[in-house]
Amino acid sequence: MTKREYADILLPGVNHTKEEYEEMYKDRDLPEGAIVTRFAPSPTGFVHIGGLLSSFIARKFAKQTEGVMLLRIEDTDQKRLVENGVSKIIEDLKSFNITFDEGATGEEEYIGNYGPYVQSKRKDIYQAFAKYLIERDLAYPCFMSEEELEEIRKGQEEAKARIGVYGKYAKYRDITIEEALEKINNGEKYIIRFKSPGNFDNKVVVDDAIRGKLEFPENDIDIVIIKGDGLPTYHFAHLVDDHLMKVTHVIRGDEWVSSLPTHVQLFDIFGYKRPTYAHISPLMKKDGETVRKISKRKDPESAVSYYHEQGIPTDAVMIYLMTIANSNFEEWYETNKDKSYMDFEMSFDKVSASGALFDMDKLYNISKNYISTMKAEDLYDKAVEYANEFDKEFYELLTKYKDYSINVLNIEREVERPRKDIESYSNVRREIDYMYDELFNPVYEKKDFYLKELLEYYIDNVYDENDDKQTWFNKIKEMCPKFGFASETKEYKASPDSFKGSVAHACEVIRVAVTGRVQTPDLYEILKLLGKFRIKERIEKF
Ligand code: GLU
């Protein structure tokens, strides 16, 4: 029996050869230096904040080099599938402006000439590549049972040996064709293992674009390449897909660094050019005294949907991620305030090689600054969008009083130092609710200088809607002595005991009466928007 016939028996029903597949996937016609890269999630419907960071970095590099960013769905672990898992991932990424030039566009559909982009649809391709190895005696059927494997692992742990199927543990490495066929005829189950030609005492060097030169012992483990269900393992799919899809840069999480010796070995054996690897460090978080990885299980901020629910602008998240991703971004952004973060030229050598701290306070700070630069109309639109999803009552008010609401949001906005009290769209209500009679339900504090007479006098005799700001303030000053307040702060400070308070205190009385709060943005603007009638009503209520 020839090796080819043997391979046909081990992996029957494969339609094409490796060579035919290579012929089908043509080289890409791209400008020199173009980066072809990919995001390759499992279709779990969940995007981790670390995944957002990696996909963003990949998106950025592809864009700035006029390359290609593709979305490949890695569903070889069929136990982890979630309904609509692909669409959810696409949607989440899109909300952060991460879009793809090629690849999966839904559960079943895709665009591009290098598909299918869902691994479970590529079974034939992987098997063709595995057959190529079998024919060259670089892969073999392994008949070990789960129990046997478990026993080997236990033995290795006890003997403090390296874990894995290699050397004497690779029981079926040298099985003859006749022995294998006999087992198959007896109905014994098998998987296909790579027959590693590596020697653990030799060294292999990989130049990671982020981490620099990495040195490892050569891989000598006979990894599984085709599993019992006929689908490939991650390692083998990585070789086949990234080669055929003409991926130049593999940008991925650093949990794969330790697999590099296996990956480059596979590329070398097939005679393929190794892709450039760029391993992204995980995002870390402070947890009491320690620093640990952000965990899907423990931390709500690990899910990108969280930022949407909290109403943190996607741009703020991206600006923060950019700050984390490239050490020189912050400086650039300071001096290029009119530009978008997408205009920044990212470089691999500036990507942090150690886990960066992801700090929610820092993000909120960025968010606050970002919102402070938004036009009132834009903030209004975002607040409406947010409220429509998460706060129907507020949504009704915002849309019922549209122009009024925009004016409220515009207070202290287009000024040199705009207000920075709103740190997320979910915060808008908390910051401006007192401007809506429907939501105005204050609990007033009592203070000695909160004089009812002052308020009544003010609304009946002083307040005039047509006054400009200076006149308005001067009139309050003029009124001060009548009620025992100092017109000038200096005057009050010089002898506080001779007064009930200063002009600032007088303003506080008015402010508290009409807003229920000690601190608000510009009182003059607030009064103007409320209008005399509502001010009077509120004073009476007070
Ligand atoms: N499916 C792998 C993961 O989610 C992809 C890693 C890669 O980008 O190669 O970790």
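Residues numbered from 1 in each chain as written. Predicted model: local features only at pLDDT ≥ 70, side-chain atom pairs only at ≥ 80, totals over all residues. Heavy atoms only, no water.

*Asks:* Where do I start with the packing of helix H8 (residues 234-244) against helix H9 (residues 260-270) in this structure?
*Replies:* The geometry of a pair of packed helices is captured by two quantities: the angle between their axes and the separation between those axes. Between H8 and H9, the shortest axis-to-axis distance is 10 Å and the interhelical angle comes to 50°. Relative to H9, H8 is oriented oblique. When the axes of H8 and H9 are compared, the crossing they make is right-handed. Here H8 contributes Tyr234, His235, Phe236, His238, Leu239, Asp242 and His243 to the contact with H9, which in turn contributes His263, Leu266, Phe267 and Phe270. Residue composition of the contact of H8 with H9, by class: six nonpolar, four polar and one charged. (Axes fitted to C-alpha atoms, helices over the stretch in contact; angles between N-to-C directions. Helix = DSSP H or I, 4+ residues; strand = E, 2+ residues; numbered from the N terminus. Parallel < 35°, antiparallel > 145°, perpendicular 65-115°, else oblique. Left-handed = near helix turned anticlockwise from the far one by under 90°. Contact = heavy atoms within 4.5 Å. Nonpolar A, V, L, I, M, F, W, Y, C, P; charged D, E, K, R; others polar.)

*Asks:* So what exactly am I meant to see when it comes to the side chain of Arg72 here?
*Replies:* For Arg72, the location among the structural elements is in the loop between strand S2 (68-71) and helix H4 (85-95). Among the polar contacts listed, one links the side chain of Arg72 to the side chain of Glu74, at a separation of 3.0 Å. When neighbours within four sequence positions are excluded, Arg72 is seen to be in contact with Arg38, Phe39, Ala40, Pro41, Tyr117, Gln119, Asp241, Asp242 and Met245. (Polar contact = N/O pair within 3.5 Å; in protein donor to acceptor, adjacent residues only side chain to side chain.)

*Asks:* Can you walk me through the packing of helix H1 (residues 3-10) against helix H7 (residues 177-185) in this structure?
*Replies:* The geometry of H1 relative to H7 is characterised by a closest axis approach of 12 Å and an angle of 25° between their N-to-C directions. In terms of orientation, H1 and H7 fall into the roughly parallel class. The interaxial crossing formed by H1 with H7 has left-handed handedness. Along the contact surface, H1 presents Lys3, Tyr6, Ile9 and Leu10, while H7 presents Ile177, Ala180, Leu181 and Ile184. Taken together, the residues of the contact of H1 with H7 break down into seven nonpolar, no polar and one charged.

*Asks:* Would you mind going over the sheet that holds strand S13 (residues 290-293) with me for this structure?
*Replies:* The strands that make up a sheet are held in pairs by hydrogen bonds between backbone atoms, and each pair lies either parallel or antiparallel. What the three strands build is an open sheet, ordered S13-S12-S14; its pairing is mixed. Each edge of the open sheet is held by one strand with a lone partner, namely S13 and strand S14 (356-357). Summarising the sheet, strand S12 (residues 283-287) and S13 pair through four bridges and their orientation is antiparallel. Bridge assignment links Lys285 to a residue of S13, and that residue is Arg292. (Pairing = 2+ DSSP bridges.)

*Asks:* Would you take a moment to explain helix H11 (residues 314-325) for this structure?
*Replies:* Three- or four-residue spacings in an α-helix give side chains the same orientation, since the helix completes a turn every 3.6 residues. The end-to-end C-alpha distance of H11 is 16 Å, a good match for the 16 Å that 12 residues give at a rise of 1.5 Å each. Across the 12 residues that make up H11, a large majority, 10, are buried. Among all positions of H11, only Ala316, Val317, Met318, Ile319, Tyr320, Leu321, Met322, Thr323, Ile324 and Ala325 are buried. The inward-facing, buried residues of H11 contact helix H3 (49-64), S12, helix H10 (305-310), helix H12 (329-335), S14 and helix H13 (360-372). (Expected span 1.5 Å × (residues − 1). Buried < 20%, exposed > 50% of the residue type's maximum accessible area, 1.4 Å probe, protein only.)

*Asks:* How should I be thinking about the site of the ligand in this particular structure?
*Replies:* The environment of the ligand is made up of Arg38, Ala40, Glu74, Tyr234, Arg252, Glu255 and Trp256. Side-chain polar atom of Arg38 to an oxygen atom of the ligand: 2.7 Å apart, as the coordinates give it. Contact distances for the ligand include 3.2 Å between an oxygen atom and a side-chain N or O atom of Trp256. For the ligand, whose unbound accessible area comes to 300 Å², protein coverage reaches 79%. When its residues are assigned to classes, the shell around the ligand shows three nonpolar, no polar and four charged. (Near = heavy atom within 4 Å. Areas by Shrake-Rupley, 256 points an atom, 1.4 Å probe, with all protein chains shown as cover.)

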